[in-house]
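# Fold and contact review
Listed below are the residues making up each chain.
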Amino acid sequence: MQTLEGYFQRLSKKTAARWWVGPLPDVRTSKVAPVIAAQLSYPSGDFDPFVDGGMTQLNWAEAAYVLALAGTRSLAYGNKPPSNGVIAQAADALKVLSGKAVFLTNGDWLPGRNHAWTPLSAATFDCGVIGYDETTAFIFWIEEED
């Protein structure tokens, strides 16, 4: 099993991804995701998706898919889904979290969808996953301009 840090390091060598992994913030449940995002100074745009309901909860398979998409595909010019191997690597990295993990993203990034999103940054395109369980938290985020 690979670590989240190792997986994120490999992905960020190929992209301009930003990421953070650390302990679960000691805050109310409603503030966990915003505090995790703040580790990378998000939200940085004009819109706060944590206040306005712009975040979408993902299941395990969806979280692996969105991580693989964000880490390997162009948001502006890519229309191919990530490979099954890359999705499997993302799923493997997520195994460091417990079965009670929560995963969030900023839009509808799943296959066959329109890819509508709520920006977390001031970039033209952004995508990623915020995740946490009882002890560990992370954010992996990509920003892209067209």
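Attention here is on the structure that accompanies the text. (Residues numbered from 1 in each chain as written. Predicted model: local features only at pLDDT ≥ 70, side-chain atom pairs only at ≥ 80, totals over all residues. Heavy atoms only, no water.)

### Here we look at the overall build of the protein chain
When you go through the protein chain residue by residue, the secondary structure sums to 4 helices and 5 strands. The C-alpha atoms of the protein chain give 14 Å as radius of gyration, which agrees with the globular expectation for 146 residues (15 Å, within 12%). With respect to the three principal axes, the spread of C-alpha positions in the protein chain is 40 × 40 × 25 Å. Across the 146 residues in the protein chain, those meeting the buried criterion constitute 47%. (Helix = DSSP H or I, 4+ residues; strand = E, 2+ residues; numbered from the N terminus. Rg over C-alpha atoms; globule rule 2.2 N^0.38 Å. Buried < 20%, exposed > 50% of the residue type's maximum accessible area, 1.4 Å probe, protein only.)

### Some points on unusual backbone geometry
Of all residues except glycine, most have a negative phi; of all peptide bonds, most are trans. With an omega of -5 degrees, the peptide bond running from Tyr 42 to Pro 43 counts as cis. Positive phi is not limited to glycine here, since Ser 41 has a value of about 65 degrees. For Ser 41, the position within the fold is in the loop between helix 2 (29-38) and strand 2 (56-58).

### A word on the environment of Lys 95
Mapped onto the secondary structure, Lys 95 falls in the loop between helix 4 (84-94) and strand 3 (102-105). Residues Lys 95 and Thr 3, 92 residues apart in the sequence, show an inter-C-alpha distance of 8.6 Å.

### Concerning the environment of Val 32
With respect to the element layout, Val 32 can be found in helix 2. Judged by relative accessible area, Val 32 falls into the buried class, the value being 4%. Separated by 114 residues in the primary sequence, Val 32 and Asp 146 place their C-alpha atoms 31 Å from one another. Not counting residues within four places of it along the chain, the set of residues in contact with Val 32 comprises Leu 24, Pro 25, Val 27 and Tyr 132. (Contact = heavy atoms within 4.5 Å.)

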